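# Topology and contacts: notes
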Amino acid sequence: MTDTHDVAGWSWWPAPAKLNLFLHITGRRADGYHLLQTVFRLLDWGDRIGLRLRDDGQILRVGESVAGVAPEQDLAVRAARALQQASGSRLGADIRVDKQVPAGGGFGGGSSDAATVLVVLNRLWGAGLDEDALASLALGLGADVPVFVRGRNAWAEGVGEQLTPIALAPAWYLVVEPGVHVPTAALFQSAQLTRDTPMAIIGNFASGALTGNAFEPVLRALEPAVEAVFQQLTQVGTPRLTGSGSGCFVEFATRDAAQQALRDLPRTLQARVVAGVDRSPLLDALDAMDV
């Protein structure tokens, strides 16, 4: 927990963002869902979730989350209601979402918000669901949600839910949000999307052979703002796309190198330096709660 409850009874919890260090689409299931391979890297940057328990069973969002998203469609609210139904808890919660991660950027902000709500309310309500049960609930909310529930960097397959923990070297990332909200469904439907990339193994990633993102050529052709960011980032390194959003990033071995690259870029870019982490800050916060 970022540390304490405030005077109004709220507790505040991290909801870390992620990067996809590569993303390939290897096929499609009979139900139309795309099969993929990717590596999820958790970051030390993200949203914050405020929770306040209620004894009347209501789940209420306080304030806005993503502009234009009604509470009934908000993943954080849906996560609380899914946990309530699965556990039979009679408790409720007020939920506040302090958004720092831009929507549509491919950084997993909404998915992480939902995971934080699931994991923390499971603890605060005394619901008693184990990690596997929470991950199963999470998958019903979105393919990216389970990795945030489990809180570890992972090699992912299937629709993104088949997770194998993976050790990653320390790294810092210059991340840029071009300001474009990408409709994921439209990208998946694009005729230009490569859907038959051969299956790889973790060793291919470890050797450095896997860095591409299937959505990159589609999105760069579709959105001039994304192409412009890629061109600017090539001045400081090798840019990559994260997820199926518009967010771009360059990886560095040291914080100093990432900070220097940030200084070399135009200040008009929405850019920041963030660190990759081995373990979700949410798990650290839960451990601190138990001390």
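Right, let's walk through the structure included here. Throughout, a residue's number is its position along its own chain's written sequence, starting from 1. Where local features are concerned, this predicted model is filtered to residues with pLDDT of at least 70; where side-chain atom pairs are given and counted, the filter is 80 or more; whole-chain, interface and lining totals use all residues. Side-chain measures were taken over the full set of non-hydrogen atoms in the model, leaving aside hydrogen atoms and water.

## Details of the pattern of salt bridges
Condition: We define a salt bridge as a side-chain nitrogen of Lys or Arg found within 4 Å of a carboxyl oxygen belonging to Asp or Glu. Helical segments are the DSSP runs of H or I of at least four residues, strand segments are the runs of E of at least two, and each set is numbered from the N terminus. Exposure categories follow from relative accessible area, calculated using a 1.4 Å probe and restricted to protein chains: below 20% of the type maximum is buried, above 50% is exposed, and the middle band is partly exposed.
Applying the stated criterion across every chain, the model contains 17 salt bridges. Lysine 18 is paired through a salt bridge with aspartate 144; the nearest N and O atoms lie 3.7 Å apart. Here lysine 18 is found in strand E1 (residues 11–28), whereas its partner aspartate 144 is found in the loop between helix H3 (131–139) and helix H4 (145–150), with 126 residues between them in sequence. Among the residues examined, lysine 18 registers a relative accessible area of 2% and is labelled buried. Note that arginine 279 is salt-bridged to aspartate 287, the shortest N-O span being 2.9 Å.

## Observations regarding the sheet that holds strand E9 (residues 248–252)
Just so we agree on the cut-off: A pair of strands is labelled paired if DSSP reports no fewer than 2 bridges between them. Here, two residues are considered to be in contact whenever any of their heavy atoms come within 4.5 Å of each other. Angles here are taken between N-to-C directions and fall from 0 to 180 degrees, while the axes themselves are lines fitted to C-alpha atoms, restricted in helices to the stretch in contact.
Ordered in space as E8-E9-E7-E10, the four strands form an open sheet in which the pairing is antiparallel. Every other strand in the sheet has two partners, leaving strand E8 (240–241) and strand E10 (271–275) as the edge strands with one partner each. Pairing of E8 with E9 involves two bridges; the strand directions are antiparallel. Bridging across to E9, arginine 240 finds its partner in phenylalanine 249. Contacting strand E7 (172–176), E8 and E9, helix H8 (residues 224–233) crosses the sheet at an angle of about 20 degrees to E9.

## Let's talk about the packing of helix H2 (residues 109–124) against H3
Note the cut-off: An angle below 35 degrees is treated as roughly parallel, one above 145 as roughly antiparallel, one from 65 to 115 as roughly perpendicular, and anything else as oblique. Each helix crossing is assigned a hand: it is left-handed if the near helix lies turned anticlockwise from the far helix by less than a right angle, otherwise right-handed if that turn is clockwise. Basically, the charged four are Asp, Glu, Lys and Arg, the nonpolar ten are Ala, Val, Leu, Ile, Met, Phe, Trp, Tyr, Cys and Pro, and anything else, Gly included, counts as polar.
Packing of H2 against H3 leaves a shortest axis separation of 10 Å and a crossing angle of 140 degrees. Classified by the angle their axes make, H2 and H3 are oblique. Relative to H3, H2 is oriented so that their crossing is right-handed. Between H2 and H3, the residues in contact are Leu118, Val119 and Asn122 and Leu134, Leu137 and Ala138, respectively. Among the residues forming the contact of H2 with H3, the class breakdown is five nonpolar, one polar and no charged.

## Overview of the side chain of aspartate 47
Note the threshold: Pairing of N or O atoms within 3.5 Å defines a polar contact, subject to two protein rules: one partner must be a possible hydrogen donor and the other a possible acceptor, and residues neighboring in sequence count only if both atoms are side-chain atoms.
When you line up the elements, aspartate 47 lands in strand E2 (residues 34–54). Owing to a relative accessible area of 2%, aspartate 47 belongs among the buried residues under this scheme. Within the structure, the side chain of aspartate 47 is placed 2.6 Å from the side chain of lysine 99, a separation counted as a polar contact. Excluding residues within four positions of it along the chain, aspartate 47 makes contact with Trp13, Pro14, Ala15, Asp98, Lys99, Gln100, Val101, Gly109 and Asp113.

## Here's the deal with the nonpolar core
Stated precisely, the cut-off is as follows: What makes a nonpolar core is a set of buried Ala, Val, Leu, Ile, Met, Phe, Trp, Tyr and Cys residues whose side-chain atoms join them at distances within 4.5 Å.
Ranked by size, the top nonpolar core spans 41 residues in total, and within it Leu51, Leu83, Ile95, Val117, Leu118, Leu121 and Val149 carry the most contacts. Those residues within four positions of isoleucine 95 in sequence are excluded, and the remaining contacts are Trp10, Ile49, Gly50, Leu51, Ile59, Leu60, Arg61, Val62, Ala76, Val77, Ala80 and Val117. Counting 28 residues, the second largest nonpolar core, distinct from the first, contains Ile25, Trp172, Leu219 and Phe230.

## Focus: helix H10 (residues 281–290)
Note the following rule: The directions from the helix axis to the C-beta atoms form the arc being described.
Along H10, the residues classified as buried are Leu282, Leu283, Ala285 and Leu286. For H10, the angular spread of buried residues about the axis comes to 160 degrees, placing them on one side. Packed against the buried residues of H10 are E1, H2 and H4.

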